[in-house]
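# Results of the structural survey
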Amino acid sequence: MMKFLEEARAYQDSMIQDLRALVKIESVRDDAHATKEAPFGPNIAKCLDKALEIGKRDGFKVENVDGHAGVIQYGDLEESVGVLGHLDVVPLGDGWHFDPLGGEVKDGYIMGRGTCDDKGPAIAAYYAIKILKDKGYKLKHNIQMILGTDEENTSAGILYYKKVRKNPIMGIVPDAEFPCIYAEKGILDFTAEGKIDSCIRFMQSGTAFNVVISKADVIVDKPLDKDYFTKFLLANELTGECHEEADGAHYHIDGKPFHASRPFMGVNAAVKMFEFVGSCYNDTFSLNAVKLFKDPYGVGMKVAYDGAYMGPLTFNLGKANIEKGQVYFALDYRYPNECEGNDLLQRSAEIIKEVLGLHTTLVDDSKWLLNDPESELIKTCLKHYRAFSGDNYTPPLRIGGGTYARSFENFAAFGPIFPTREYASWVGAEHEADEGFEIETMLLACAIYANVLYDLACAH
């Protein structure tokens, strides 16, 4: 019998209940309503309070770190092993067949925004700690679950915690995939803004730097060309609609959202819209935007690079908005360790200024992470993953996504998604519509986390 799996199964109903309670809170960053007590808005604060309430209910020591992070701690020793999760989510988006805040259970999955990224994995890890506590194991280090509040934007919450509290000596981040993540690309987010000359009077598209744009709407100061638009949609295997308005011709295109770590898996609706407007109306600005932004590997921006350890640099256009002759672009790079964020920003600023006449502004540059695969942490994670899964072949992974692991020394992203378990086709991934988390995955991950934390933190 695999150690702690039976205990995890015994908590299944409680895990689902607690996860549903967190999913029902729309914990999207809301700067417009931020306060000193709720620095990322009232809903994230509410979700943090709920998570700490769960920890307090189960007899853990809990702390709200000035609204920036929460701590649920087992033990009262000098050093800690950490588990880092986050409670914030990306915007709900469109195209759902389930209530994104419902936490509905269907055919072995729990559905809703944040179930997979990262409330479900956080619950799995929390119950791993609860199993060890309930069994009364003697500790050599505390086990400290740290819950961040702004991972989907700038990681400001966890970085605040890092400055004001003693940091764990090592730990795991249940916000990725098994077997274990040994490398994470750097993440560079920046904006491009300025005045433009275009037939586009208005454009609205995109929700975040780290999501491929799922839909785009424009109003152009030109006659409606329904025939050309219909042919364009057909040729590009897209859906959309168009109609005449008082302000001009209105066009809508549907794309396919995906996480910006793999933009090539999505269809960027804003790029497609620029292709249409540029070709239909010979709009120079739109054609130039396509030239720069179409390729997901940064070819148009002249920064393409294939890293030896981490693979290729990727590029995503996350927002494209135009109003009153002013444009706003939100842009995202995932870059390998051979590249430097400052250099990428400078080169991008030059080509964007030259081709589009816009100025760029840095939003955030998060350096890459490269772990030693022979460290105690990585070897312990791999040992227990392989014992539970029977997967002795999948190597440690490199990812374009960013996790909290890069914020601390000696941390690694670890699960909960199994490369050997195929999800149902109707279940969306993180950041997608119909995001869901398999309950069996949650239970298996919980048991694996309990084993790893037992090895790292318990005296035996």
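### A look at the pairing of strand S13 (residues 239-245)
- In terms of strand pairing, S13 meets strand S14 (residues 248-254) through 7 bridges, oriented antiparallel. In the strand pairing of S14, Cys-242 is matched with Tyr-251.
- Adjacent in sequence and paired antiparallel, S13 and S14 are bridged by 2 residues.

### A word on the pattern of salt bridges
- Per the stated rule, a full pass over the model turns up 23 salt bridges.
- The residue Glu-184 makes a salt bridge to Arg-406 at a minimum N-O spacing of 3.2 Å. Taken together, the residues Glu-184 in strand S9 (residues 181-184) and Arg-406 in the loop between strand S21 (397-399) and strand S22 (411-413) connect sequence positions 222 residues apart.
- Residue class for Glu-184 comes out buried when judged on its relative accessible area of 0%.

### Concerning the sheet that holds S21
- A sheet is described by the order of its strands in space; here 3 strands give the open sequence S20-S9-S21, paired in mixed fashion. Unpaired on one side and paired on the other, strand S20 (369-370) and S21 mark the two borders of the sheet.
- As defined by bridge partners, S9 adjoins S20 across 2 bridges and the pair is classed as antiparallel. Each bridged residue has a counterpart across the sheet, and for Ala-183 the counterpart in S20 is Leu-370.

### Section: helix H2 (residues 12-23)
- Over its 12 residues, H2 extends 16 Å from the first C-alpha to the last, a length consistent with the 16 Å expected when each residue adds 1.5 Å.
- Buried positions along H2 lie against helix H1 (5-10), helix H3 (42-57), strand S4 (105-106), strand S5 (109-111), helix H4 (119-134) and helix H11 (439-457).

### What about unusual backbone geometry?
- Of the consecutive residues Phe-178 and Pro-179, the connecting peptide bond is found in the cis state with omega at 10 degrees.
- As for its placement among the helices and strands, Pro-179 is situated in the loop between strand S8 (176-177) and S9.
- The omega torsion across Gly-415 and Pro-416 is 15 degrees, close enough to zero to call that bond cis.
- Relative to the assigned elements, Pro-416 resides in strand S23 (residues 416-417).
- The backbone phi angle of Asn-410 is positive, close to 60 degrees, even though this residue is not glycine.
- Overall, Asn-410 belongs to the partly exposed group, its relative accessible area being 32%.

### Re the packing of aromatic side chains
- Going through the model one piece at a time under the given rule, you end up with 33 aromatic pairs.
- Where Tyr-11 meets Tyr-127, the ring centres are 5.3 Å apart and the plane angle is 50 degrees; that geometry is what we call tilted. In this pair, Tyr-11 is assigned in the loop between H1 and H2 and Tyr-127 in helix H4, connecting sequence segments 116 residues apart. The residues Tyr-11 and Tyr-127 share a single accessibility class, namely buried.
- On the basis of an interplanar angle of 90 degrees and a centroid distance of 5.3 Å, the ring pair of Tyr-126 and Tyr-127 is categorised as edge-to-face.
- Overall, Tyr-126 belongs to the buried group, its relative accessible area being 3%.
- Grouping aromatic residues by their ring pairs yields a cluster made of Phe-190, Phe-274, Phe-285, Phe-293, Phe-315, Phe-329 and Tyr-333.
- Positioned above the aromatic ring of Trp-426, the side-chain terminus of Lys-106 is 5.5 Å from the ring centre.
- The residue whose ring lies beneath Lys-162 is Phe-408, and the NZ or CZ to ring-centre distance is 5.7 Å.

### Considering the sheet that holds strand S3 (residues 80-86)
- Within the open sheet, the 6 strands sit side by side as S1-S2-S6-S3-S7-S22. Their pairing is mixed. Two strands close off the open sheet at either side, each with one partner strand: strand S1 (61-65) and S22. Here the average twist between neighbouring strands, direction ignored, is 20 degrees.
- Bridge analysis of strand S2 (residues 69-74) against strand S6 (residues 142-148) gives 6 bridges, and the strand direction is antiparallel. Bridge pairing in S6 places Tyr-74 opposite Ile-143.

### Topic: the environment of Ile-146
- Tracing the sequence through the fold places Ile-146 in strand S6.
- For Ile-146, a relative accessible area of 0% corresponds to the buried category.
- Residues Ile-146 and Val-71, spaced 75 residues apart in sequence, show a C-alpha to C-alpha distance of 4.7 Å.
- Residues contacting Ile-146, with those up to four places away along its chain left out, are Ala-69, Gly-70, Val-83, Leu-84, Gly-85, Ile-158, Tyr-161 and Pro-168.

### Let's talk about a nonpolar patch on the surface
- Together, Phe-264, Met-265, Tyr-297 and Val-299 give the surface a local cluster of nonpolar side chains, amounting to about 340 Å² of exposed area.
- Tracing the backbone shows Met-265 in the loop between S14 and helix H7 (269-281).

### A short note on the nonpolar core
- Ranked by size, the top nonpolar core spans 66 residues in total, and within it Ile-143, Met-145, Phe-414, Met-442 and Tyr-449 carry the most contacts.
- In terms of residue count, H11 provides more of this core than any other element does, 15 residues in total.
- Apart from the residues lying within four places of it in its own chain, the contact partners of Tyr-449 are Pro-121, Ala-124, Ala-125, Ala-128, Ile-172, Pro-174, Phe-178, Phe-414, Gly-415 and Pro-416.
- Judged by nonpolar contacts, the second largest core, of 53 residues, contains Met-273, Val-277, Val-303 and Leu-345.

Rules used in this analysis
- Residues numbered from 1 in each chain as written.
- Predicted model: local features only at pLDDT ≥ 70, side-chain atom pairs only at ≥ 80, totals over all residues.
- Heavy atoms only, no water.
- Pairing = 2+ DSSP bridges.
- Helix = DSSP H or I, 4+ residues; strand = E, 2+ residues; numbered from the N terminus.
- Salt bridge = Lys/Arg side-chain N within 4 Å of Asp/Glu carboxyl O.
- Buried < 20%, exposed > 50% of the residue type's maximum accessible area, 1.4 Å probe, protein only.
- Expected span 1.5 Å × (residues − 1).
- Contact = heavy atoms within 4.5 Å.
- Phe/Tyr/Trp six-rings, centres within 6.5 Å; stacked < 30°, edge-to-face > 60°.
- Lys NZ or Arg CZ within 6 Å of the ring centre and 35° of its normal.
- Axes fitted to C-alpha atoms, helices over the stretch in contact; angles between N-to-C directions.
- Patch = residues over 30% accessible without salt bridge, like charges linked within 9 Å, V, L, I, M, F, W, Y side chains within 5 Å.
- Areas by Shrake-Rupley, 256 points an atom, 1.4 Å probe, with all protein chains shown as cover.
- Core = buried A, V, L, I, M, F, W, Y, C linked by side-chain atoms within 4.5 Å.

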